[in-house]
Amino acid sequence: MKKVVKEMIELLKNQVKHNLEIINRNEDLIRNLTSHAGSEEQIAAFRQYYMENKNLLAENNDFTNLQLTLIKFMAKYKHSELFNDPASLDEVDPRQDPGYVFELTVTGKIPYTPGHPFFESPDFFYQLMEHFEKTEQYEKCKELIEVKKEIH
């Protein structure tokens, strides 16, 4: 979830920048139009660019407010389980310290599924079972057993 919110903030930021580029181009065109005597076509073009800038500024205001809201939300709930993104299994190298992989598994950052780097290791499985028994997380023990049953 954390990654998604950060991506959303970045997208909003990029859209605001894009809108500002358009606004700046329109302002140059407006300056150019107002430097000459005003024909009906120039007045219509002026109104068109003015309204486009007005709409883009309103959009940027909304996008900026949404960015601020998302940033405040992330700051307020940064320790929430909501932002406890699971690690990608692609990011976990089985040659890493097995203790590190164990911690990621116990905390739920990587799921214990057939794609887990130590799924086929009986020692790792028993270590997980032992941990969950000691911490009296019997529902986790049951989940581990169910995962193994489904595969075999």
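What counts, and where the lines are drawn
- Residues numbered from 1 in each chain as written.
- Predicted model: local features only at pLDDT ≥ 70, side-chain atom pairs only at ≥ 80, totals over all residues.
- Heavy atoms only, no water.
- Helix = DSSP H or I, 4+ residues; strand = E, 2+ residues; numbered from the N terminus.
- Buried < 20%, exposed > 50% of the residue type's maximum accessible area, 1.4 Å probe, protein only.
- Contact = heavy atoms within 4.5 Å.
- Phe/Tyr/Trp six-rings, centres within 6.5 Å; stacked < 30°, edge-to-face > 60°.

Caption draft 1: Here's a closer look at the overall build of the protein. The number of helices and strands found in the protein is five helices and zero strands. Helices and strands appear in the protein in the N-to-C order α-α-α-α-α. Taking all 152 residues of the protein together, the buried fraction comes to 25%. Residue pairs in contact within the protein that sit at least 24 positions apart in sequence constitute 51% of those at least 6 positions apart.

Caption draft 2: Inspection of the packing of aromatic side chains at higher detail. Per the counting criterion, the structure on display carries eight aromatic pairs. Between the aromatic rings of F46 and Y50, the centroid separation amounts to 6.4 Å while the plane-to-plane angle is 15°, which identifies the pairing as stacked. Linking F46 with Y50, this pair stays in helix α2 (residues 40-76), spanning four residues, or about one helical turn. Overall, F46 belongs to the partly exposed group, its relative accessible area being 32%. The class for Y50 is partly exposed, based on a relative accessible area of 47%. Their ring planes at 50° and their centres at 5.0 Å tell us that F73 and Y77 sit as a pair that is tilted. According to the relative accessible area criterion, F73 is partly exposed, its value standing at 31%. Classification of Y77 as partly exposed rests on a relative accessible area of 35%.

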